[in-house]
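# A look at the structure
Letter by letter, the chains look like this.
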Amino acid sequence: MGLTADEAKNVAHVLTEALPYIQRFRGKTVVIKYGGNAMVDEDLKRGFARDVVLMKTVGINPVVVHGGGPQIGSLLERLGKESEFVQGMRVTDAETMDVVEMVLGGLVNKEIVNLINRHGGSAVGLTGKDGDLIHAKRLQMRSNAPELDVPEIIDIGHVGEVESIDASVVDMLVHGNFIPVIAPIGVGKDGLSYNINADLVAGKMAEVLEAEKLILLTNIEGLLDQQGKLLTGLDTKRVGDLIADGTIHGGMLPKIGCALDAVKSGVASAHIIDGRVPHAVMVELFTDQGIGTLIMGS
């Protein structure tokens, strides 16, 4: 049975609306941080894989950076090892780091690669250790205790931040028509492995690759104002004002900071979108309305 006239009109509208965006972004790189519900719900996982394959098919170069906190926590629990957090960061001793590498670099990474390949793409999984990709240094955590005159440095183990990125291996894969899928594990000058926040890695990767867009998939609608209304079309000055007046606070601060750093470093735009919405990446890229919060360079 064919489409009705109204259904055909709707399909044609979607395709024609997408065309100028496909033309504009052809040949450009888009870095996507993949995490949250989109990594857990089976339908959303399949939808994400199709979105990434479609992007590559029409000439856009997706680079995927993924998280995996819940999966790490689940395996640690099964092993009888309790998870401890300081200021939202997992305390990572050498034994926990082995589990992190196993989950992020192995189980999660290869599942995403397999999913993309099953939907017609050619994905290749990497960690920051491959091709000397991510140089890390130990993250210095400072105590927030107000009674201390000098902030106490807290050692949370193998948790790192990005020191530098050598994107040669990613460039080679992108130009070889592959889709890189990157686990956020770096290596330090000390030869040790470090677990790094995936948002941070995605932001730095977008900067180094001179990406057109950075897309952060989250479990929220986007950035909301104090009345609960979605904010979008923001420039860096407006974001600064929203931080100053407390609209952006708590767990949203590091995510916004990462997006802000990216656009200040030359990435054309950053997007914080709701990964719980089916095909959220496609809706953001290829429609006039988009979805979530858009942050543009000034």
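Residues numbered from 1 in each chain as written. Predicted model: local features only at pLDDT ≥ 70, side-chain atom pairs only at ≥ 80, totals over all residues. Heavy atoms only, no water.

The name recorded for the chain in an unreviewed UniProt entry is Acetylglutamate kinase, from Solemya velum gill symbiont. Its UniProt record gives the chain the following Function (unreviewed entry) comment, quoted word for word: "Catalyzes the ATP-dependent phosphorylation of N-acetyl-L-glutamate." In the Pathway (unreviewed entry) part of its UniProt record, the chain is described as follows: "Amino-acid biosynthesis; L-arginine biosynthesis; N(2)-acetyl-L-ornithine from L-glutamate: step 2/4." (UniProt positions renumbered as here; feature names shortened; annotations may be inferred.)

## Description of the overall build of the chain
Summing up its helical and strand segments, the chain has nine helices and 16 strands in all. At 20 Å, the chain has a C-alpha radius of gyration in line with the 19 Å of a compact globule built from 298 residues. Expressed as a percentage of its 298 residues, the buried residues of the chain come to 48%. A separation threshold of at least 6 residues defines the contact pool for the chain, and within that pool the share at least 24 residues apart is 73%. By element, 53% of the accessible surface of the chain is carried by carbon and sulfur atoms, the whole surface being about 14,500 Å². Distance between charge centres in the chain, computed from 27 positive and 39 negative side chains, equals 4 Å. (Helix = DSSP H or I, 4+ residues; strand = E, 2+ residues; numbered from the N terminus. Rg over C-alpha atoms; globule rule 2.2 N^0.38 Å. Buried < 20%, exposed > 50% of the residue type's maximum accessible area, 1.4 Å probe, protein only. Contact = heavy atoms within 4.5 Å. Areas by Shrake-Rupley, 256 points an atom, 1.4 Å probe, with all protein chains shown as cover. Lys, Arg positive; Asp, Glu negative; His and termini not counted. Charge placed at Lys NZ, Arg CZ, Asp CG, Glu CD.)

## As for helix α2 (residues 42–57)
With 16 residues, α2 ought to run about 22 Å at 1.5 Å a step, and its terminal C-alpha atoms sit 23 Å apart, in line with that. With a side-chain oxygen lying 3.0 Å from the backbone nitrogen of D43, the N-terminal cap of α2 falls on D41. Positive backbone phi, at 100°, marks G59, one or two positions downstream of α2. (Expected span 1.5 Å × (residues − 1). Polar contact = N/O pair within 3.5 Å; in protein donor to acceptor, adjacent residues only side chain to side chain.)

## Remarks on the side chain of T92
Relative to the elements of secondary structure, T92 occurs in the loop between β4 (89–90) and α4 (94–118). Residue T92 is classed as buried on the basis of its relative accessible area, which comes to 0%. Ignoring sequence-local partners within four residues, the contact set of T92 consists of M97, V100, I156, G157, H158 and V159.

## Examining the packing of aromatic side chains
Taken as a whole and assessed by the stated rule, the structure comprises two aromatic pairs. Judged by centre distance (3.9 Å) and plane angle (5°), the rings of Y34 and F48 are stacked. Pair noted here: Y34 is in strand β1 (residues 29–34) and F48 is in helix α2, with a separation of 14 residues, a long-range link. Taking the relative accessible area as the measure of exposure, F48 reaches 5% and is therefore buried. (Phe/Tyr/Trp six-rings, centres within 6.5 Å; stacked < 30°, edge-to-face > 60°.)

## Focus on the packing of helix α6 (residues 198–208) against helix α8 (residues 252–264)
Contact geometry of α6 with α8 gives a least axis separation of 9 Å together with a crossing angle of 5°. Considered as vectors, α6 and α8 are oriented roughly parallel to each other. Counted together, D199, L200, G203 and E207 of α6 and K255, C258, D261 and A262 of α8 form the full contact between these two elements. Looking at the contact of α6 with α8, its residues break down into three nonpolar, one polar and four charged. (Axes fitted to C-alpha atoms, helices over the stretch in contact; angles between N-to-C directions. Parallel < 35°, antiparallel > 145°, perpendicular 65-115°, else oblique. Nonpolar A, V, L, I, M, F, W, Y, C, P; charged D, E, K, R; others polar.)

## Points about unusual backbone geometry
Negative phi is the rule for most residues except glycine; trans is the rule for most peptide bonds. Located in the positive-phi region is N177, a residue other than glycine, with phi close to 70°. Of note, N177 is situated in the loop between α5 (168–175) and β10 (179–183). The exposure class of N177 is exposed, given its relative accessible area of 53%. Phi at H279 takes a positive value of approximately 55°, unusual for a residue other than glycine.

## Details of α4
In a regular helix each residue adds 1.5 Å, so 25 residues correspond to 36 Å; α4 covers 35 Å between its end C-alpha atoms and thus fits that length. Along its length, α4 reaches its greatest deviation from straightness, about 35°, at N109. The positive-phi residue at the C-terminal boundary of α4 is G120, with phi of around 100°. (Bend = angle between axes of the 7 residues up to and from the residue.)

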